[in-house]
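Inside the fold
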Amino acid sequence: MAGGQSEREDKVSLELSEEILQSMEVGMAFRDYNGRISSIDFHKASSYLVTASDDESIRLYDVASATCLKTINSKKYGVDLVCFTSHPTTVIYSSKNGWDESLRLLSLHDNKYLRYFKGHHDRVVSLSLCSRKECFISGSLDRTVLLWDQRAEKCQGLLHVQGRPATAYDDQGLVFAIAFGGYIRMFDARNYEKGPFDIFSVGGDTSDANVVKFSNDGRLMLLTTMDGHVHVLDSFRGTLLSTYKVKPVSVNSTLEASFSPEGMFVISGSGDGSVYAWSVRSGKEVASWISTESEPPVIKWAPGSLMFVTGSSELSFWVPDLSKLGAYVGRK
């Protein structure tokens, strides 16, 4: 009994290090998809995960029990991007059919549409929800970024952009970023009408912005671009700290990257389907996992956990293999 107790304590006290990151491998995978996974999101306050796939399904998983709780088909509209609201069984998603670019608020619990958000006229390529309020932002190939309130069908604000936009709220919901054309524009969420309060350059990389993200503590941000660059910046000063290079991605793909929970590492997909990890501090690559896939996976780190998830033609949960870690072997 005592042995079991200390083993549990060991696991809890494991902090993410380069060695642990290098030991990570697929611990479990769901292979029952009939198309590529286009989007994944973790709920911040529960163990739920949601996926969207080209097979026109939205799937809800409980990560704690490693089970798929529900599959909902969006045959009429298709599904591209999906995000949780604050409620663990309510999501907002964008369609993938080329004729109706509305966003939809969907209850997964009873498969009911609670609201439609009409405003975009081309594919929505970015969707970010504010963690504090019922607000969210969407960016589209129609060169607009729209600001929404979940309780209202009409958009609350509109910003014009010159290119494909990537959008993100910071974790506090006080600031949002819009990236396009080699720059990241920073907005005060309460005074966005005044325009950006700061504009950061990413060193002349003017290829299409794919995703922009803040670290959990808000101090760092990353931007991925179609050319296969992952830029990491200081989100207060706008200083470009490092740029990692992977294989470029096609126009229809999205290069996704994610900070580890404490912001010490960045994991990213690549145009050749591989997954890479870098140390933010040193700027050096610390791990890579080669893939047989030919498109970049979607990738997200699980909140507060030693796990990340990738989505390609299957959904994979990556966890440390403790048997590979010399220092932890034989401590039982």
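Keep in mind that what you see is a predicted model, and the values were worked out from it rather than measured. (Residues numbered from 1 in each chain as written. Predicted model: local features only at pLDDT ≥ 70, side-chain atom pairs only at ≥ 80, totals over all residues. Heavy atoms only, no water.)

1. Describing the packing of aromatic side chains
Applying the stated criterion to the full structure yields 17 aromatic pairs. Pairing Y169 with F176 gives two aromatic rings, centres 5.8 Å apart and planes at 70°, and the pair type is edge-to-face. Across this residue pair, the class does not change: Y169 and F176 are buried. Between Y276 and W278, the ring centres sit 6.0 Å apart and the planes meet at 20°, which makes this aromatic pair stacked. Comparing Y276 with W278, the two get one shared label, buried. (Phe/Tyr/Trp six-rings, centres within 6.5 Å; stacked < 30°, edge-to-face > 60°. Buried < 20%, exposed > 50% of the residue type's maximum accessible area, 1.4 Å probe, protein only.)

2. Observations concerning the sheet that holds strand β10 (residues 124-129)
The strand order β10-β11-β12-β13 describes an open sheet built from 4 strands, whose pairing is antiparallel. Each of the sheet's edge strands pairs with one partner strand only, and the pair in question is β10 and β13 (157-160). With direction set aside, neighbouring strand axes in the sheet form an average angle of 15°. (Pairing = 2+ DSSP bridges. Helix = DSSP H or I, 4+ residues; strand = E, 2+ residues; numbered from the N terminus. Axes fitted to C-alpha atoms, helices over the stretch in contact; angles between N-to-C directions.)

3. Describing the UniProt feature "repeat: WD" (unreviewed entry) in the protein
UniProt records the feature "repeat: WD" (unreviewed entry) at residues 30-71, 117-149 and 258-288, using the numbering of this structure. The straight-line gap between the two end C-alpha atoms of residues 30-71 is 13 Å; of that span, 0% is helix and 57% is strand. In residues 117-149, the share of helix is 0% and the share of strand is 58%. The end C-alpha atoms are 9 Å apart. (UniProt positions renumbered as here; feature names shortened; annotations may be inferred.)

4. A look at the environment of I92
Inspection of the secondary structure assignment puts I92 in strand β7 (residues 90-94). The spacing of I92 and L103 is 11 residues in sequence and 6.7 Å in space, taken between C-alpha atoms. With sequence-adjacent residues up to four places away left out, I92 is seen in contact with L81, V82, C83, T85, L103, R104, L105, L127, L129, F136 and Q150. (Contact = heavy atoms within 4.5 Å.)

5. Let's talk about the pattern of salt bridges
Inspection of the entire model under this criterion finds 17 salt bridges. Residue E293 pairs with R36 through a salt bridge whose shortest N-O separation is 2.8 Å. Of this pair, E293 sits in the loop between β25 (285-289) and β26 (298-301) while R36 sits in the loop between β1 (24-30) and β2 (37-42), and the two are 257 residues apart along the sequence. On the basis of relative accessibility, which here comes to 22%, the residue E293 falls in the partly exposed class. Taking the shortest distance from any N to any O, the salt bridge between D55 and R59 comes out at 2.8 Å. An identical accessibility class is assigned to D55 and R59; each is buried. In this structure, a network of salt bridges that share partners links the residues D54, D80, K96 and R123. (Salt bridge = Lys/Arg side-chain N within 4 Å of Asp/Glu carboxyl O.)

6. What to know about the nonpolar core
Core analysis: the biggest nonpolar cluster contains 17 residues, and L21, A277, W289, W301 and F308 have the highest contact counts within it. Only α2 (18-23), β23 (265-268), β24 (275-279), β25 and β26 provide two or more residues apiece to this core. Looking at which element gives the most residues to this core, the answer is β25, with 3 residues. Sequence-distant contacts of W301, defined by excluding residues within four places in its chain, comprise L16, L21, M24, F42, S258, F259, S260, P261, I267, M307 and F308. (Core = buried A, V, L, I, M, F, W, Y, C linked by side-chain atoms within 4.5 Å.)

7. Points about the pairing of strand β5 (residues 67-73)
Summarising the sheet, strand β4 (residues 57-62) and β5 pair through 6 bridges and their orientation is antiparallel. Counted as the bridge partner of L60 is K70 from β5. Hairpin geometry of β4 and β5 is characterised by an intervening segment of 4 residues between the two adjacent antiparallel strands and by a positive phi of about 55° at A66.

8. Some details on the domain arrangement of the protein
With domains assigned, the protein is organised as domain 1 (15-31 + 260-331) and domain 2 (32-130). Measuring from the centre of the C-alpha atoms in domain 1 to the corresponding centre in domain 2 gives 24 Å. Counting residues at the interface gives 21 residues for domain 1 and 18 residues for domain 2. Approximately 1500 Å² of surface area, both sides summed, lies buried where domain 1 meets domain 2, with 69% of it carried by carbon and sulfur atoms. Counting the contacts that link domain 1 with domain 2 gives 2 salt bridges. For E295, the salt bridge goes to R36, with nearest N and O atoms at 3.8 Å. There are 5 residue pairs in polar contact (both at pLDDT 80 or more) connecting domain 1 and domain 2. Listing elements by their share of the side of domain 1 that touches domain 2, those giving two or more residues are β1, β26, β27 (308-311) and β28 (315-320). At 4 residues, β26 tops the list of elements feeding residues into the side of domain 1 that touches domain 2. Per-class residue counts for the side of domain 1 that touches domain 2 are 13 nonpolar, 3 polar and 5 charged. (Domains from an automatic or database assignment. Buried area = accessible area lost by both parts, 1.4 Å probe. Polar contact = N/O pair within 3.5 Å; in protein donor to acceptor, adjacent residues only side chain to side chain. Nonpolar A, V, L, I, M, F, W, Y, C, P; charged D, E, K, R; others polar.)

9. A closer look at the side chain of S274
For S274, the position within the fold is in the loop between β23 and β24. Residue classification places S274 among the buried residues on the basis of a relative accessible area of 2%.

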